[in-house]
Amino acid sequence: MTGPETPPVREVVDLSHPLHDDTPVYPGDPVARFSPAATVAADGYNVLHVRMGSQTGTHVDAPYHFLEDGARVDELPLGYFLGPAVVADVRGKPPHGRIEWTDLAPWAALLGPGRILLLRTGWDEHWGTDAYFDHPFLTGDAAARVVAAGVRTVGLDALSLDETVVGGEPADGFAAHLAVLGAGGVIVENLRDLGAVPEDPVVSVLPLRLAGADGAPVRAVAFRVVAR
(Lines give C-alpha, C1' and ligand atoms only; values in the text may rest on other atoms or scores of the structure.)
Protein backbone atom coordinates (compact mmCIF):
# COMPACT_ATOMS: atom_id res chain seq x y z
CA MET A 1 0.00 0.00 0.00
CA THR A 2 1.29 3.41 -0.85
CA GLY A 3 0.54 6.67 0.90
CA PRO A 4 -0.82 9.85 -0.66
CA GLU A 5 1.43 11.46 -3.20
CA THR A 6 3.12 14.71 -2.23
CA PRO A 7 2.16 17.56 -4.57
CA PRO A 8 5.19 18.59 -6.63
CA VAL A 9 6.91 21.89 -5.94
CA ARG A 10 7.58 24.14 -8.92
CA GLU A 11 9.32 27.45 -9.66
CA VAL A 12 11.49 27.66 -6.57
CA VAL A 13 12.93 31.18 -6.25
CA ASP A 14 15.76 32.12 -3.90
CA LEU A 15 14.89 35.32 -2.00
CA SER A 16 18.11 35.44 0.06
CA HIS A 17 21.26 37.49 -0.33
CA PRO A 18 24.56 35.57 -0.15
CA LEU A 19 26.55 36.15 3.04
CA HIS A 20 30.15 37.34 2.89
CA ASP A 21 32.49 39.85 4.53
CA ASP A 22 30.94 42.77 2.62
CA THR A 23 27.35 42.02 3.65
CA PRO A 24 25.64 45.32 4.58
CA VAL A 25 24.48 45.50 8.19
CA TYR A 26 22.31 47.93 10.13
CA PRO A 27 24.43 50.81 11.48
CA GLY A 28 26.14 49.66 14.67
CA ASP A 29 25.48 45.94 14.17
CA PRO A 30 28.37 43.44 14.10
CA VAL A 31 29.93 43.06 10.67
CA ALA A 32 30.12 39.59 9.16
CA ARG A 33 33.44 37.81 8.97
CA PHE A 34 34.12 34.43 7.35
CA SER A 35 37.46 32.63 7.40
CA PRO A 36 38.71 29.05 7.02
CA ALA A 37 38.92 27.11 10.28
CA ALA A 38 40.16 23.98 8.52
CA THR A 39 41.10 23.18 4.93
CA VAL A 40 41.38 20.04 2.86
CA ALA A 41 45.04 20.86 2.18
CA ALA A 42 45.98 21.18 5.85
CA ASP A 43 43.39 19.05 7.66
CA GLY A 44 41.74 16.79 5.12
CA TYR A 45 38.40 18.62 5.30
CA ASN A 46 36.91 22.11 5.03
CA VAL A 47 35.29 23.98 7.93
CA LEU A 48 34.34 27.66 7.80
CA HIS A 49 34.60 29.95 10.83
CA VAL A 50 31.49 32.15 10.83
CA ARG A 51 31.18 35.32 12.92
CA MET A 52 28.16 37.60 12.54
CA GLY A 53 25.22 39.16 14.35
CA SER A 54 21.76 37.66 14.59
CA GLN A 55 20.43 40.35 12.24
CA THR A 56 22.87 39.70 9.40
CA GLY A 57 21.80 39.32 5.78
CA THR A 58 18.34 37.99 5.01
CA HIS A 59 16.94 37.42 8.50
CA VAL A 60 13.87 37.45 10.73
CA ASP A 61 13.18 39.60 13.78
CA ALA A 62 11.44 37.98 16.74
CA PRO A 63 9.42 40.05 19.24
CA TYR A 64 12.37 39.90 21.66
CA HIS A 65 14.29 42.12 19.24
CA PHE A 66 12.39 45.13 20.67
CA LEU A 67 10.46 43.74 23.63
CA GLU A 68 12.16 42.43 26.78
CA ASP A 69 9.26 40.06 27.44
CA GLY A 70 8.77 39.18 23.77
CA ALA A 71 9.07 35.70 22.35
CA ARG A 72 12.52 34.56 21.23
CA VAL A 73 13.04 33.25 17.73
CA ASP A 74 13.11 29.62 18.90
CA GLU A 75 9.81 30.03 20.75
CA LEU A 76 7.69 31.17 17.81
CA PRO A 77 5.21 28.99 15.91
CA LEU A 78 6.84 27.55 12.80
CA GLY A 79 3.70 28.50 10.90
CA TYR A 80 4.82 32.13 11.04
CA PHE A 81 7.74 31.22 8.77
CA LEU A 82 5.99 29.14 6.12
CA GLY A 83 2.78 29.91 4.30
CA PRO A 84 0.95 31.54 1.41
CA ALA A 85 2.28 34.98 0.58
CA VAL A 86 1.02 38.24 -0.87
CA VAL A 87 3.55 40.42 -2.70
CA ALA A 88 2.58 44.10 -2.62
CA ASP A 89 4.38 46.06 -5.34
CA VAL A 90 5.17 49.43 -3.76
CA ARG A 91 8.04 50.38 -6.05
CA GLY A 92 8.52 53.98 -7.08
CA LYS A 93 8.97 55.42 -3.61
CA PRO A 94 11.78 57.99 -3.24
CA PRO A 95 14.64 57.56 -0.78
CA HIS A 96 13.21 57.48 2.75
CA GLY A 97 9.73 57.34 1.21
CA ARG A 98 6.78 56.37 3.38
CA ILE A 99 4.73 53.27 2.54
CA GLU A 100 1.23 54.13 3.68
CA TRP A 101 -1.88 52.01 4.08
CA THR A 102 -3.25 53.54 0.88
CA ASP A 103 -0.29 52.00 -0.97
CA LEU A 104 -1.36 48.57 0.29
CA ALA A 105 -5.07 49.02 -0.43
CA PRO A 106 -4.99 46.99 -3.70
CA TRP A 107 -3.93 43.93 -1.70
CA ALA A 108 -5.99 44.56 1.45
CA ALA A 109 -8.62 41.95 0.61
CA LEU A 110 -5.90 39.27 0.39
CA LEU A 111 -4.55 39.91 3.85
CA GLY A 112 -5.57 37.74 6.75
CA PRO A 113 -4.43 35.18 9.34
CA GLY A 114 -1.79 32.82 7.97
CA ARG A 115 -0.79 35.15 5.14
CA ILE A 116 2.76 36.43 4.74
CA LEU A 117 2.95 40.00 3.42
CA LEU A 118 6.02 40.89 1.35
CA LEU A 119 6.67 44.50 0.37
CA ARG A 120 8.44 44.85 -2.97
CA THR A 121 10.19 48.21 -2.77
CA GLY A 122 12.80 47.40 -5.43
CA TRP A 123 15.50 48.54 -3.05
CA ASP A 124 17.40 45.25 -3.34
CA GLU A 125 18.84 46.79 -6.52
CA HIS A 126 20.95 49.01 -4.23
CA TRP A 127 22.37 46.12 -2.17
CA GLY A 128 26.03 46.78 -1.36
CA THR A 129 25.85 50.54 -2.02
CA ASP A 130 25.36 53.55 0.24
CA ALA A 131 21.92 54.07 -1.31
CA TYR A 132 20.75 50.83 0.32
CA PHE A 133 20.48 52.68 3.65
CA ASP A 134 18.06 55.25 2.14
CA HIS A 135 15.26 52.73 1.62
CA PRO A 136 11.51 53.37 1.85
CA PHE A 137 9.79 52.20 5.03
CA LEU A 138 6.39 51.13 6.33
CA THR A 139 4.58 53.66 8.50
CA GLY A 140 3.40 52.71 11.96
CA ASP A 141 -0.23 53.26 10.96
CA ALA A 142 0.08 50.97 7.93
CA ALA A 143 1.81 48.31 10.03
CA ALA A 144 -0.95 48.48 12.63
CA ARG A 145 -3.61 48.03 9.92
CA VAL A 146 -1.74 45.04 8.47
CA VAL A 147 -1.62 43.46 11.92
CA ALA A 148 -5.31 44.26 12.48
CA ALA A 149 -6.07 42.28 9.31
CA GLY A 150 -4.55 39.21 10.98
CA VAL A 151 -1.12 39.17 9.33
CA ARG A 152 1.72 38.15 11.64
CA THR A 153 4.63 37.97 9.18
CA VAL A 154 5.76 41.03 7.21
CA GLY A 155 8.86 41.15 5.03
CA LEU A 156 10.54 43.48 2.56
CA ASP A 157 13.51 43.76 0.20
CA ALA A 158 15.24 46.47 2.23
CA LEU A 159 17.40 46.90 5.31
CA SER A 160 14.63 47.62 7.81
CA LEU A 161 10.85 47.81 8.06
CA ASP A 162 11.36 51.24 9.69
CA GLU A 163 13.40 54.13 8.35
CA THR A 164 17.18 53.87 8.63
CA VAL A 165 19.03 57.07 9.50
CA VAL A 166 22.80 56.62 9.49
CA GLY A 167 24.17 58.40 12.54
CA GLY A 168 20.73 59.29 13.88
CA GLU A 169 17.28 58.10 14.92
CA PRO A 170 14.27 57.64 12.60
CA ALA A 171 11.78 60.50 12.85
CA ASP A 172 8.97 58.00 13.53
CA GLY A 173 11.10 55.84 15.80
CA PHE A 174 10.48 52.12 15.30
CA ALA A 175 6.70 52.31 14.99
CA ALA A 176 6.40 49.57 12.36
CA HIS A 177 8.61 47.17 14.31
CA LEU A 178 6.63 47.79 17.48
CA ALA A 179 3.30 47.27 15.72
CA VAL A 180 4.27 43.91 14.21
CA LEU A 181 6.46 42.56 17.00
CA GLY A 182 4.10 43.93 19.63
CA ALA A 183 1.36 41.73 18.16
CA GLY A 184 3.65 38.73 18.55
CA GLY A 185 4.53 38.68 14.87
CA VAL A 186 7.80 38.53 12.97
CA ILE A 187 9.59 40.73 10.43
CA VAL A 188 11.73 39.55 7.52
CA GLU A 189 14.36 41.97 6.20
CA ASN A 190 16.90 42.04 3.36
CA LEU A 191 14.90 39.91 0.96
CA ARG A 192 15.65 40.04 -2.75
CA ASP A 193 14.12 39.27 -6.17
CA LEU A 194 10.50 39.64 -5.05
CA GLY A 195 9.61 40.34 -8.67
CA ALA A 196 10.45 36.71 -9.48
CA VAL A 197 8.00 35.27 -6.94
CA PRO A 198 5.57 32.96 -8.78
CA GLU A 199 1.81 33.35 -8.83
CA ASP A 200 -0.01 32.04 -5.72
CA PRO A 201 3.28 31.47 -3.89
CA VAL A 202 4.18 29.68 -0.72
CA VAL A 203 7.09 31.34 1.06
CA SER A 204 9.52 29.82 3.55
CA VAL A 205 11.60 32.03 5.83
CA LEU A 206 12.53 29.39 8.41
CA PRO A 207 15.25 30.79 10.71
CA LEU A 208 18.18 29.11 12.39
CA ARG A 209 17.09 27.77 15.80
CA LEU A 210 19.25 30.10 17.87
CA ALA A 211 18.28 29.55 21.50
CA GLY A 212 16.92 32.68 23.18
CA ALA A 213 17.82 34.93 20.25
CA ASP A 214 16.22 38.16 19.01
CA GLY A 215 16.33 36.92 15.43
CA ALA A 216 18.27 34.74 13.04
CA PRO A 217 19.43 34.48 9.42
CA VAL A 218 17.20 32.58 7.01
CA ARG A 219 17.39 30.98 3.57
CA ALA A 220 14.23 32.53 2.18
CA VAL A 221 12.56 30.88 -0.80
CA ALA A 222 9.28 31.18 -2.67
CA PHE A 223 7.69 28.34 -4.57
CA ARG A 224 4.47 27.15 -6.14
CA VAL A 225 2.78 23.87 -5.25
CA VAL A 226 1.13 22.18 -8.23
CA ALA A 227 -1.77 19.87 -7.48
CA ARG A 228 -1.77 16.56 -9.34
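Just above sits the structure.
Residues numbered from 1 in each chain as written. Predicted model: local features only at pLDDT ≥ 70, side-chain atom pairs only at ≥ 80, totals over all residues. Heavy atoms only, no water.

(A) Spatial organisation of the nonpolar core. Counting residues in hydrophobic clusters, the biggest one holds 30 residues, and the most contacted among them are L104, L117, L119, L138, V146 and L161. Mapped by element, the contributors of at least two residues to this core are strand 5 (82-89), helix 2 (101-104), strand 7 (116-120), helix 3 (140-148), strand 9 (153-156) and helix 4 (175-182). Formed by 22 residues, the second largest nonpolar core is a distinct cluster that contains F81, A85, I116 and L194. (Core = buried A, V, L, I, M, F, W, Y, C linked by side-chain atoms within 4.5 Å. Buried < 20%, exposed > 50% of the residue type's maximum accessible area, 1.4 Å probe, protein only. Helix = DSSP H or I, 4+ residues; strand = E, 2+ residues; numbered from the N terminus.)

(B) Structural detail: a nonpolar patch on the surface. Residues V9, V12 and V225 make up a contiguous nonpolar surface patch of roughly 240 Å² in combined accessible area. Within the element layout of this structure, V12 appears in strand 1 (residues 9-14). Under the relative-accessibility criterion, V12 is labelled exposed at 55%. (Patch = residues over 30% accessible without salt bridge, like charges linked within 9 Å, V, L, I, M, F, W, Y side chains within 5 Å. Areas by Shrake-Rupley, 256 points an atom, 1.4 Å probe, with all protein chains shown as cover. Salt bridge = Lys/Arg side-chain N within 4 Å of Asp/Glu carboxyl O.)

(C) The packing of aromatic side chains, seen in detail. Scanning the entire structure with this criterion turns up two aromatic pairs. Measuring from ring centre to ring centre gives 5.0 Å for F66 and F174, while their planes differ by 50°; the resulting arrangement is tilted. Note that F66 is positioned in the loop between strand 4 (59-61) and strand 5 and F174 in the loop between strand 9 and helix 4, a separation of 108 residues in sequence. Where W127 meets Y132, the ring centres are 5.2 Å apart and the plane angle is 85°; that geometry is what we call edge-to-face. The burial state of W127 is the same as that of Y132; both residues are buried. When the ring centre of Y64 is taken as origin, the NZ or CZ atom of R72, which lies over that ring, is 3.6 Å away. (Phe/Tyr/Trp six-rings, centres within 6.5 Å; stacked < 30°, edge-to-face > 60°. Lys NZ or Arg CZ within 6 Å of the ring centre and 35° of its normal.)

(D) Quick look at the sheet that holds strand 13 (residues 221-225). Sheet architecture is open: nine strands sit in the order 1-13-11-5-7-9-10-4-12, paired in mixed fashion. Looking at strand neighbours, the two that pair on one side only are strand 1 and strand 12 (215-217), the edges of this open sheet. For this sheet, the mean angle separating the axes of adjacent strands, direction not counted, is 30°. The pairing of strand 4 with strand 12 spans three bridges and is classified as antiparallel. Across the sheet, the residue bridging to D61 is G215, located in strand 12. Set on the sheet, helix 4 makes contact with strand 4, strand 9 and strand 10 (186-189); between it and strand 10 the angle comes to about 130°. (Pairing = 2+ DSSP bridges. Axes fitted to C-alpha atoms, helices over the stretch in contact; angles between N-to-C directions. Contact = heavy atoms within 4.5 Å.)

(E) Structural detail: the layout of surface pockets. Space inside the largest pocket adds up to approximately 160 Å³. The wall of the largest pocket is formed by 13 residues, among which Y26, D29, Q55, H65 and E189 lie closest to the centre. Of the residues assigned to the lining of the largest pocket, the class counts are four nonpolar, six polar and three charged. (1 Å grid on protein atoms, 1.4 Å probe; cavity = no way out; pocket = protein on both sides within 12 Å on 5 of 7 lines; lining within 4 Å. Points joined across faces, edges and corners; volume = space filled by probe spheres on them. Nonpolar A, V, L, I, M, F, W, Y, C, P; charged D, E, K, R; others polar.)

(F) Representation of helix 4. Those residues of helix 4 lying buried are A176, H177, A179, V180 and L181. On its buried face, helix 4 is in contact with strand 4, strand 8 (137-138), helix 3, strand 9 and strand 10.

(G) Main features of unusual backbone geometry. Positive phi is not limited to glycine here, since E11 has a value of about 55°. Within the secondary structure layout, E11 lies in strand 1. Of note in this structure, D193 is not a glycine but carries a positive phi near 55°. Looking at the element boundaries, D193 is found in the loop between strand 10 and strand 11 (202-204). Among the residues examined, D193 registers a relative accessible area of 32% and is labelled partly exposed.

(H) Just the side chain of D214, in detail. Relative to the helices and strands, D214 resides in the loop between strand 11 and strand 12. Buried charge without a salt bridge: D214, with R72 as the nearest opposite-charge side chain at an N-O distance of 8.6 Å. A polar contact of 2.7 Å, which involves the side chain of D214, links it to the side chain of Q55. With near-sequence residues (within four places) excluded, D214 lies in contact with S54, Q55, V60, D61, A62, Y64 and H65. (Lys, Arg positive; Asp, Glu negative; His and termini not counted. Polar contact = N/O pair within 3.5 Å; in protein donor to acceptor, adjacent residues only side chain to side chain.)

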